[in-house]
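Residue-level listing of the chains:
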2 protein chains.
Amino acid sequence: MSVLPAAFLDALSARFTDRFSTAVAVREQHGHGESHHTGVIPDGVVYAESTEEVSFVVGLCAAHDIPVIAYGAGTSLEGHLIALRGGISLDLSRMNRVTRVSPSDLDCTVQAGVTREALNSHLRDQGLFFPIDPGANASIGGMAATRASGTNAVRYGTMRENVLALTVVLPTGQVIHTGGRARKSSAGYDLTRLFVGSEGTLGIITEVTLRLYGIPESISVALCSFDDVGQAVEAATAIVQLGVPVARMELMDRGLISAVNRYSGLDLTVDDKLAFEFHGSPGSVEEHVRLVGEVVTDAGGRNFEWATSPEDRNRLWKARHNAFYAVVSQRPGAKGWSSDVCVPVSELGNCILHAREILKGCQVPAAILGHVGDGNFHVVFAVDPGNAEELAEVARLNKKMVHKAISVGGTCTGEHGVGIGKMAYLREEHGDAVDLMALLKHAVDPKGILNPGKIVGQA
Amino acid sequence: MSVLPAAFLDALSARFTDRFSTAVAVREQHGHGESHHTGVIPDGVVYAESTEEVSFVVGLCAAHDIPVIAYGAGTSLEGHLIALRGGISLDLSRMNRVTRVSPSDLDCTVQAGVTREALNSHLRDQGLFFPIDPGANASIGGMAATRASGTNAVRYGTMRENVLALTVVLPTGQVIHTGGRARKSSAGYDLTRLFVGSEGTLGIITEVTLRLYGIPESISVALCSFDDVGQAVEAATAIVQLGVPVARMELMDRGLISAVNRYSGLDLTVDDKLAFEFHGSPGSVEEHVRLVGEVVTDAGGRNFEWATSPEDRNRLWKARHNAFYAVVSQRPGAKGWSSDVCVPVSELGNCILHAREILKGCQVPAAILGHVGDGNFHVVFAVDPGNAEELAEVARLNKKMVHKAISVGGTCTGEHGVGIGKMAYLREEHGDAVDLMALLKHAVDPKGILNPGKIVGQA
């Protein structure tokens, strides 16, 4: 039974008819992401199809002081979608049009609900691609809102570098446009970057203008094996420091390889691996492959396996993308809990060593993977969500990893966002700058209706 | 005679002794940048030597409601330094220490007053460089505050992409640290990007952590000639669209070449030119040179002249960096007025054609130059600052160029900032998003003491 006021319910029903639902099943689906965080269901779900509709819903919520939480593909890992104070889940998945592609400017504009896979399908025939790739088939709006990145960030940057402009609905319902199509601008405060990573707490992103890239002339993928994660990290660090422009450089420990083999039906040798992708002209790819080969061999790596056909490449990266699900599926009924620290590259070896040390006594199945070119790695735990002791243990281990990362100048979250999962660490990482974040939140959303209780609180 | 209250004067004198000055000559030096904008002198100048001293000054200014304007190298082009409401010019040029360089992480931390040339001198022995290069020997703090870029941005990005972290003094005097040393983070609002480009209106940047790059193994520089600016732009656009990773690609029209020859003692053939720089391994540089050569020839370019020795390269880029001064020096007593639009690359040819059309009847000496790989170009006028008619004519031409740029999705300022010179265009470019900028300004600096009258007003 909904607690929403009658006038509010009537207004939504009149405007959205069957695109407004208070059915429990629909609400349950919208009250959580894909991780261990316990869901809280919203009071209603609206499926918006335009910026104007988003503006209508937010304006109505503002008038009634009702929370509103943007929902894209539901792949959040830090509890962003949890309706802590109830309210409306505003589902943008039907805003799925690519509204403009400009091959000559290498940019495009999409509605927030377009997923990264749908966008890349759309672009392929034009020889273009959008590189940011968090693994999950997230929505572009959600990726912008959490400042997502993933396997290609070492070469192409994150959503921070690749969003040119946004259409945003403010907490009043007002629609603004930030940024523009010029590659650079000094025209005032960088509102685009303020909304990128704001997790739906300052405004709701409804359209995104993105940088695109030409599909490289030559793409090459290789796996190599190490006896030890430490050797693999040593090689990865040396490659970054040499400035070799690898397009992807992913660490997968042997635990992960086992899980991936089972989940994706592969038969990779079970050892610690680095996976590389190279983009460029045939000449430059050859040069980079040679350089990386030398570094890997020096560090004790071996068994370069090349995935040359597009099918083999896709199979490998699909398996990597499913790593989170692969680890979780090892244990029936388990939920995934992923750590997400990111540190200066010179500290990565120490931090991964530290993570392996503290994992030694841990009974919860876990695997290590990482976008090691960026200094970002994850420990994915398959936790029993009903076992309080287990949850407490993983929380304790996660906390240790975060402390370690922050102590060396790193961050509690490289790409998953704060949500409710990392709020406890923000002050440790940013000190009193957190007060400025709260001040900005209060200035922009004084009623606290946008995704309340996330990032800087106001639950 | 200063209008500053006695208690305020006493507090500054006691703390800073001879590093606080109300001498007219010192104040006059601090009330303007390098362009045509009429200066207004501050009431006093403080030379700060630490973040703690900046905090003291800002706190004192806050207590007395006195404006405070950060001053770096004084190379601003849009009136950022003009003391519209008097107050204190806070000179940070003595905060000139490089506090940390980490070759293994390719980053460093510098005090705000370090200039880009001083930084690169400091880094050279370690095989590193900082690429952002606005021409003038600006301070890193000033470059961050105006979101500067310059000739290398086509390859390395702007200050937006290359600042990792900041130390900022807020309008209360409070010191905060934004960002961190990890290459990426999703930990809360992107305060770093909020301060980058905020032109001293939200906080005073006192320390900057920057990304660095290894000095490329191979560097190659070439000039080529065209009969027409249109051909040069066509070639430049094609090179961007092909995705050739040139490190620099600069347009210089024949008027500029004449001026540069005279000012820098060169004997370049007087025609429209593109200047290129290539960075990489010998193999990749060779490949890029070949590709660019093909495109240039197709577009009607000719006479590739190579600058192979470091001395020749430096002479060429020094001449390019002095282009602004070269144009201005053609006319005794003149001041420089530089337009700064930036547009999607596919619109660049049209916009430059438009600029040339409207320049046809103009009697004020002018030259066109541009960071054409980014879609950014400047028309530099040498104006007589005492001639109101001339100033009005240039203002009118500039306005037309801005209208044109904004109409094709571009920006009124690619890299110089808003200051007072571009305030009139912000609403045309950003619409109601300007109200959000003003709201943020008011929230962070409710008394309006930080660089009042810039970006969003509150003069």
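Residues numbered from 1 in each chain as written. Chains lettered and ligands numbered in written order. Predicted model: local features only at pLDDT ≥ 70, side-chain atom pairs only at ≥ 80, totals over all residues. Heavy atoms only, no water.

- Looking at an unreviewed UniProt entry, one finds chain A named D-lactate dehydrogenase (cytochrome) and attributed to Mycoplana azooxidifex.
- The UniProt entry for chain A carries this comment under Cofactor (unreviewed entry): "FAD".
- Its UniProt record gives chain A the following Sequence similarities (unreviewed entry) comment, quoted word for word: "Belongs to the FAD-binding oxidoreductase/transferase type 4 family." (UniProt positions renumbered as here; feature names shortened; annotations may be inferred.)

Focus: the interface of chain A and chain B
- Contacts between the two partners involve 75 residues from chain A and, on the opposite side, 76 residues from chain B.
- Together chain A and chain B conceal approximately 5,700 Å² of surface at their shared face, both sides included; 57% is due to carbon and sulfur atoms.
- The three residues of chain A that bury the most area against chain B are Lys184, Ser186 and Tyr189 of chain A, which together make up 17% of that side's buried surface.
- There are 4 salt bridges connecting chain A and chain B.
- Here Lys184 of chain A ties to Asp374 of chain B by a salt bridge, and the two come within 3.4 Å at their closest N and O atoms.
- Joining chain A to chain B, the criterion identifies 39 residue pairs in polar contact (both at pLDDT 80 or more).
- Elements with a contribution of two residues or more to the side of chain A that touches chain B: α7 (159-162), β9 (175-179), α8 (191-195), α9 (229-242), α11 (282-298), α14 (345-359), α16 (426-430) and α17 (433-444) of chain A.
- Looking at which element gives the most residues to the side of chain A that touches chain B, the answer is α17 of chain A, with 9 residues.
- Considered class by class, the residues forming the side of chain A that touches chain B number 28 nonpolar, 30 polar and 17 charged. (Contact = heavy atoms within 4.5 Å. Buried area = accessible area lost by both parts, 1.4 Å probe. Salt bridge = Lys/Arg side-chain N within 4 Å of Asp/Glu carboxyl O. Polar contact = N/O pair within 3.5 Å; in protein donor to acceptor, adjacent residues only side chain to side chain. Helix = DSSP H or I, 4+ residues; strand = E, 2+ residues; numbered from the N terminus. Nonpolar A, V, L, I, M, F, W, Y, C, P; charged D, E, K, R; others polar.)

A word on the domain arrangement of chain A
Residue and element names in this part refer to chain A.
- With domains assigned, chain A is organised as domain 1 (98-214), domain 2 (218-325) and domain 3 (331-417).
- Averaged C-alpha coordinates put domain 1 and domain 3 at centres separated by 28 Å.
- Counting residues at the interface gives 9 residues for domain 1 and 7 residues for domain 3.
- Taken together, both faces of the contact between domain 1 and domain 3 bury some 510 Å²; the carbon and sulfur share is 46%.
- Here domain 1 and domain 3 share 0 salt bridges between them.
- Where domain 1 packs against domain 3, one counts 3 residue pairs in polar contact (both at pLDDT 80 or more).
- Tallied by class, residues from the side of domain 1 that touches domain 3 come to 3 nonpolar, 4 polar and 2 charged. (Domains from an automatic or database assignment.)

Quick notes on the UniProt feature "domain: FAD-binding PCMH-type" (unreviewed entry) in chain A
- Under the UniProt annotation, the feature "domain: FAD-binding PCMH-type" (unreviewed entry) is placed at residues 38-215 of chain A.
- In the segment residues 38-215 of chain A, helix accounts for 24% and strand for 26%; the C-alpha atoms at its two ends are 40 Å apart.

Overview of the relation of the copies chain A and chain B
- If you rotate chain A by 180° and push it 0.0 Å along the axis, it lands on chain B with an RMSD of 0.0 Å. Considering both components of the superposition, the chain copies are consistent with a two-fold axis. (Least-squares fit on C-alpha atoms with pLDDT ≥ 70 in both.)

What about the pairing of strand β6 (residues 107-111) of chain A?
All names here are of chain A.
- With 5 of 5 residues buried, β6 lies mostly within the body of the structure.
- Across the two faces of β6 the burial is the same, with Asp107, Thr109 and Gln111 and Cys108 and Val110 all buried.
- In this sheet, β6 lies alongside strand β5 (residues 98-102) in antiparallel orientation, the contact comprising 4 bridges. Within β6, the residue paired with Arg100 across the bridge is Thr109.
- Inspection of the sheet shows β6 paired to strand β10 (residues 204-211) by 5 bridges, in the antiparallel sense. Residue pairing in the sheet places Val110 in a bridge with Val208 of β10. (Buried < 20%, exposed > 50% of the residue type's maximum accessible area, 1.4 Å probe, protein only. Pairing = 2+ DSSP bridges.)

What about the packing of helix α1 (residues 6-16) of chain B against helix α3 (residues 51-64) of chain B?
Residue and element names in this part refer to chain B.
- The interhelical angle for the contact between α1 and α3, taken along N-to-C directions, is 170°, at an axis separation of 10 Å. As summarised for this structure, α1 and α3 are arranged roughly antiparallel, according to the angle between their axes. Here α1 contributes Ala7, Phe8, Ala11, Leu12, Arg15 and Phe16 to the contact with α3, which in turn contributes Glu52, Glu53, Phe56, Val57, Leu60, Cys61 and His64.
- Here the residues of the contact of α1 with α3 sort into 9 nonpolar, 1 polar and 3 charged. (Axes fitted to C-alpha atoms, helices over the stretch in contact; angles between N-to-C directions. Parallel < 35°, antiparallel > 145°, perpendicular 65-115°, else oblique.)

Quick look at the nonpolar core
- Counting 183 residues, the largest nonpolar core has Met159 and Phe381 of chain A together with Met159 and Phe381 of chain B as the members making the most contacts within it.
- Residues in contact with Phe381 of chain A, not counting those within four places in the same chain, are Lys335, Gly336, Trp337, Leu359, Cys362, Val364, Pro365, Ala366, Val394, Leu397 and Met401 of chain A. (Core = buried A, V, L, I, M, F, W, Y, C linked by side-chain atoms within 4.5 Å.)

A few points about the sheet that holds strand β3 (residues 68-71) of chain B
All names here are of chain B.
- If you walk across this open sheet you meet the 4 strands as β1-β2-β4-β3, and the pairing is mixed. The sheet terminates laterally at β1 (20-21) and β3, the two strands that pair on one side only.
- Examined bridge by bridge, β3 and strand β4 (residues 88-91) share 4 bridges and lie parallel to one another. In the strand pairing of β4, Val68 is matched with Ile88.
- Sitting on the sheet, α3 touches β2 (44-47), β3 and β4, and the angle it makes with β4 is about 170°.

Remarks on unusual backbone geometry
- Phi angles above zero are rare outside glycine, and Ile455 of chain A is one such case at about 60°.
- Here Ile455 of chain A is to be found in the segment after α17.
- Taking relative accessible area as the criterion, Ile455 of chain A reaches 2% and is therefore assigned buried.
- Positive phi values are uncommon outside glycine, yet Thr17 of chain B reaches one of about 40°.
- Within the element layout of this structure, Thr17 of chain B appears in the loop between α1 and β1.

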